[in-house]
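Descriptive structure summary
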Amino acid sequence: MRELFAAVPDETPPPLPPGHLDAVLVRARREVRHRRIGAAGLGAVALLLLAVLVVPGFPLPAPTAAPSSSPSLPDRLAGYSTLTSTVGQAPAGRAIALYGYGNGELFNMFQPLVVGADRDTYRQVDAMQERGNPSALLAPDGTGVLLGDDRGATADLILVDLATGARRSIPIGDPVGVRLLAWSADGRHVAYSAAPLTGTGEFGSVNAVEAEVARTGTLRLLDLSTGRSTAVPSIAPAWTAAFAPDSRRLAVQVGQRAHLLDVDGREYGTVELPAGRELAADVGWSPDGGFLATVPWLSDGPFNGTTGGDTGHATFLWKAGDVALSPIAADPPVTVPEPVRDVVQLLGWRSASTVVVATVDDVGRLSLEEVQFGTGTRRTLSSFDTGSTCELGMQTCQTFDLHLATGLLPELTVRAAGSPQRGPWPLALSAAVAVVGMGAGLLIWRRIRRSARRRRAAA
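Let me sum up the structure you'll find in this document. (Residues numbered from 1 in each chain as written. Predicted model: local features only at pLDDT ≥ 70, side-chain atom pairs only at ≥ 80, totals over all residues. Heavy atoms only, no water.)

1. Regarding the pairing of strand β23 (residues 378-383)
- Bridging between strand β22 (residues 366-372) and β23 involves five bridges; their strand directions are antiparallel. Its bridge partner lying in β23, Glu370 is registered against Arg379.
- Here β22 hands over to β23 after five residues, with Gly374 in that stretch at a positive phi of 90°. (Pairing = 2+ DSSP bridges. Helix = DSSP H or I, 4+ residues; strand = E, 2+ residues; numbered from the N terminus.)

2. Re unusual backbone geometry
- With omega at -10°, the peptide bond leading from Ala236 into Pro237 counts as cis.
- Phi is positive for Ser247, close to 65°, though the residue is something other than glycine.
- Note that Ser247 resides in the loop between β12 (241-243) and β13 (249-254).
- A positive phi is found at Asp342, a non-glycine position, where the angle reads about 55°.
- Relative to the helices and strands, Asp342 is located in strand β19 (residues 340-343).

3. Section: the packing of aromatic side chains
- Tallied over the entire structure, the rule returns five aromatic pairs.
- Note on Tyr99 and Phe384: the rings are 5.2 Å apart at their centroids and 90° apart in plane angle, and the pair reads as edge-to-face. Residue Tyr99 is located in strand β2 (residues 95-102), and its partner Phe384 is located in the loop between β23 and β24 (398-404); the two are separated by 285 residues in the primary sequence. As far as burial versus exposure is concerned, Tyr99 and Phe384 are alike and both buried.
- Geometrically, the ring pair formed by Trp349 and Phe373 is stacked, given 6.1 Å between the ring centres and 25° between the ring planes. Here Trp349 is found in strand β20 (residues 345-351), whereas its partner Phe373 is found in the loop between β22 and β23, with 24 residues between them in sequence.
- Pairwise contacts between aromatic rings join Tyr80, Tyr99, Tyr101 and Phe384 into one cluster.
- Above the ring of Trp239, the side-chain terminus of Arg179 is found at 5.0 Å from the ring centroid.
- The cationic tip of Arg422 hangs over the ring face of Tyr122; the distance from NZ or CZ to the ring centre is 5.6 Å. (Phe/Tyr/Trp six-rings, centres within 6.5 Å; stacked < 30°, edge-to-face > 60°. Buried < 20%, exposed > 50% of the residue type's maximum accessible area, 1.4 Å probe, protein only. Lys NZ or Arg CZ within 6 Å of the ring centre and 35° of its normal.)

4. Points about the side chain of Thr359
- For Thr359, the location among the structural elements is in strand β21 (residues 354-360).
- Residue Thr359 is classed as buried on the basis of its relative accessible area, which comes to 7%.
- Apart from residues lying up to four places away in sequence, Thr359 is in contact with Asp342, Val344, Arg365, Leu366, Ser367, Glu369 and Arg378. (Contact = heavy atoms within 4.5 Å.)

5. Section: the nonpolar core
- Ile96, Tyr99 and Val145 are the most contacted members of the largest nonpolar core, which has 44 residues in total.
- Sort the elements by how many residues they give to this core and β2 lands first, with six residues.
- If you look at the next biggest cluster of nonpolar residues, it comprises 16 residues, including Leu146, Ile170, Val178 and Leu180. (Core = buried A, V, L, I, M, F, W, Y, C linked by side-chain atoms within 4.5 Å.)

6. Section: empty space enclosed by the protein
- Following the criterion strictly, the structure yields one cavity of 30 Å³ or more and no others.
- Counted as a void, the largest cavity has a volume near 50 Å³.
- Surrounding the largest cavity, Val87, Ala92, Gly93, Arg94, Ala95, Val114, Val115, Gly116, Thr121, Arg123 and Leu162 form its lining.
- It is strand β3 (residues 111-116) that contributes the most residues to the lining of the largest cavity, three residues altogether.
- Looking at the lining of the largest cavity, its residues break down into six nonpolar, three polar and two charged. (1 Å grid on protein atoms, 1.4 Å probe; cavity = no way out; pocket = protein on both sides within 12 Å on 5 of 7 lines; lining within 4 Å. Points joined across faces, edges and corners; volume = space filled by probe spheres on them. Nonpolar A, V, L, I, M, F, W, Y, C, P; charged D, E, K, R; others polar.)

Next up, the structure:
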């Protein structure tokens, strides 16, 4: 070793180039920064993936304020979105509206939706989708949805709590086809029609169950407080129904006659309905108790033993008609207001002389309007988005089977529509976004590492 060191030339090493030490420090600091940026990117991707794994759906919905005391309706209803969450996954509180929305020209992309009565929340009613999108009713106070089953005979009704997403099964005896008719203002009683299904057609298709029940169904009265249903065999086939404002009486149409009953099923009178007209479904009894509201038949009207029986459930709202009043008592004579014209559906009452209706304009835009009997004064409350956003942007959106929370209408206000709160994304989509994000993060990290190696090689 001594010989080896002795052979080394004893010369002074050449001096470093000017600024060499500063250049080395600059490169070192740059390398540290790049490594920190890469680590931060990977950390962000890791946090995104963790959020997807921990939270059922991503991103989380924005925080919302507590429900206001006064229910409201947005002045514009949001368009179609495949990212709308469900009541079961993210319940959003009481609703002001329930309706079907979408199109089926190329693909069956309909959504049963509820719209918040306190904020701009939109949710799909997943229980309805699971049961074939049957006839359904929105509770008068907007807190629940009651549904039957359009796939075939059922032994229970399902009550969905919109505040919690919980489902209550209400047994109704042996399996039957069910058609829901009306919900009382106090929320306690529901009128529905039920019948054994004897048809040979394939159930589960649109309106199959309801069409057969409309031809043969017997009226039943459900007491939600006890879960007990009472059949009224003399009322068949039950066509449409509406409860009186006191919630203790109801009118049920059979043929061209409205039978007046109490909630125990005892009949105490009848009202002849004008030819070609039917009792407005669920909302046909005026708040002052003096009139029954009628609308033109949907299709060919009630089943008469040979023809009729098309209920119009799942029919798009486009056919304009009118709303006329028929007095319940003939003595003493009363003044009957002129009908309200250009209406596609009666949705409820603001007062004894003011109704909320659905209307459609020349270009097919559906709106909700407040109209006064007698004067005909109108005010637009809200309108639906009919833009070409359905079926992946290839079709216009259609609305059908529309219900409003009738008990909230007297105090209803109109709010400026904000950004739709559709709830958390579906878990599968969230996972896909996380995978894409992780892939992008890895590509960025590799690019940073590759650039760093090239700089070191060049130095």
